[in-house]
Amino acid sequence: MKGIIIKIINDNYYVKYEKNILLCKARGKFRKDNINPLVGDVAEFDIGDKVITNIENRKNELIRPSICNVDQAVILMSVKEPEFSSLLLDKMLTIIDYNNVKPIICFTKFDLLKADNDKKLIRNYIKYYEKIGYQVFTNRYLFWLKRIFKNKLSVFTGQSGVGKSSLLNKIDKKLNLKTAPISASLGRGKHTTRHAELLELCGGLIADTPGFSALEFTGMSKEDIRDNFVEFNKYKDNCEYRNCLHLNENNCEIKRMVDKNQILLSRYQNYIKFITSK
Ligand SMILES: Nc1nc2c(ncn2[C@@H]2O[C@H](COP(=O)(O)OP(=O)(O)O)[C@@H](O)[C@H]2O)c(=O)[nH]1
Ligand SMILES: [Mg+2]
Ligand SMILES: [Zn+2]
């Protein structure tokens, strides 16, 4: 039999198959072979012995908390409290794309924007991220958002206090996850959950996590960062140098497109910050 590991507590593995959940142990040989089953793993198990006998190759793996075979990551980004940060958004987009997970953007707390100028600014960002191919939602109207989860393994990520738990609760009233005003929240960096847990929501599986504390450029080269700035790929063939990093090179098409407002200035500036910190 085959199922998906949806929860791990110590050495207890909860495997979902069809409409059932079976509590399994891992095969003794796994430890010796350094096989470490994760939430999200497709597991073969013996239904009589309640033992996981094999896990399938993973398509990707995220850490802190650990989860694998993730189809898509919903990046929650508040427009206020905490303040919108294009730097953080671009960082998450780049890293998630690099990990072969599809990023999806969801803005929260639009209701806290009072000034028309602030609203306009965020709307411009939304337009731009859509233009370069990302799906963008807000947490206000859930009709369309709820449709993206079907038959997918999704994770929510984003800073503490952006509204991840609130949104999950809104999607499924029965969940009743704890939410906290940001002043009282645990603060960033305190992620005690080692493993994510998968919830069945909207016809798919969604990971309940406090967000990923390990979304860093670790392991990524400058070129990896460049190649995951998705809109650059459309123009890069017109750069004079084949391996142009779009920094100080002559005749760089990316810089031309920034000047022509075809590439958003903040994207380019964030990109420069990322690769010069490498
Ligand atoms: N004004 C406003 N507050 C929100 C919104 N979404 C969440 N919050 C509040 O933001 C705080 C943090 O939310 P929470 O879901 O705990 O954030 P998490 O840390 O990302 O899980 C809570 O006080 C929520 O009530 C929103 O769309 N608008
Ligand atoms: Mg939360
Ligand atoms: Zn270039």
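Residues numbered from 1 in each chain as written. Chains lettered and ligands numbered in written order. Predicted model: local features only at pLDDT ≥ 70, side-chain atom pairs only at ≥ 80, totals over all residues.

(A) Focus on the sheet that holds strand β2 (residues 12-17). With mixed pairing, five strands are arranged side by side around a closed barrel as β1-β2-β3-β5-β4. Each strand of the sheet is rotated relative to its neighbour by a mean of 55 degrees, with strand direction disregarded. Across five bridges, strand β1 (residues 2-9) lies against β2 in antiparallel orientation. Paired with I9 across the strands is N12, a residue of β2. (Pairing = 2+ DSSP bridges. Helix = DSSP H or I, 4+ residues; strand = E, 2+ residues; numbered from the N terminus. Axes fitted to C-alpha atoms, helices over the stretch in contact; angles between N-to-C directions.)

(B) Structural detail: the sheet that holds strand β11 (residues 153-157). Read across the open sheet, the six strands follow the order β10-β9-β8-β11-β13-β12; overall the sheet is mixed. Each edge of the open sheet is held by one strand with a lone partner, namely β10 (135-138) and β12 (197-201). Pairs of neighbouring strands in the sheet enclose a mean axial angle of 30 degrees, with direction left out of account.

(C) View of the environment of D227. By secondary structure assignment, the location of D227 is in helix α5 (residues 222-227). Put simply, D227 and L153 are 74 residues apart on the chain and 25 Å apart in space, counted from C-alpha to C-alpha.

(D) Geometry of the site of ligand 1. Surveying the vicinity of ligand 1 reveals 17 residues, the closest of which are G163, K164, S165, S166 and T179. Among the elements that make up the shell around ligand 1, the one with the highest residue count is helix α4 (residues 164-171) (three residues). (Near = placed C-beta within 6 Å.)

(E) Just the packing of helix α2 (residues 86-98) against helix α8 (residues 265-276), in detail. Interhelical geometry of α2 versus α8 gives an angle of 70 degrees and a closest axis separation of 10 Å. In terms of their interaxial angle, α2 and α8 are classed as roughly perpendicular. When the axes of α2 and α8 are compared, the crossing they make is right-handed. Contacts between α2 and α8 involve S86, L87, D90 and K91 from the former and S266, R267, N270, K273 and F274 from the latter. Taken together, the residues of the contact of α2 with α8 break down into two nonpolar, three polar and four charged. (Parallel < 35°, antiparallel > 145°, perpendicular 65-115°, else oblique. Left-handed = near helix turned anticlockwise from the far one by under 90°. Contact = placed C-beta atoms within 7 Å. Nonpolar A, V, L, I, M, F, W, Y, C, P; charged D, E, K, R; others polar.)

(F) Fine view of the confidence of the model for the chain. Across the chain, the average pLDDT comes to 92, with 95% of residues at 70 or higher. Low pLDDT (under 50) marks residues 185-192, which in the prediction has 12 contacts with non-local residues, meaning those over four places away or in another chain. (pLDDT = per-residue confidence, 0-100.)

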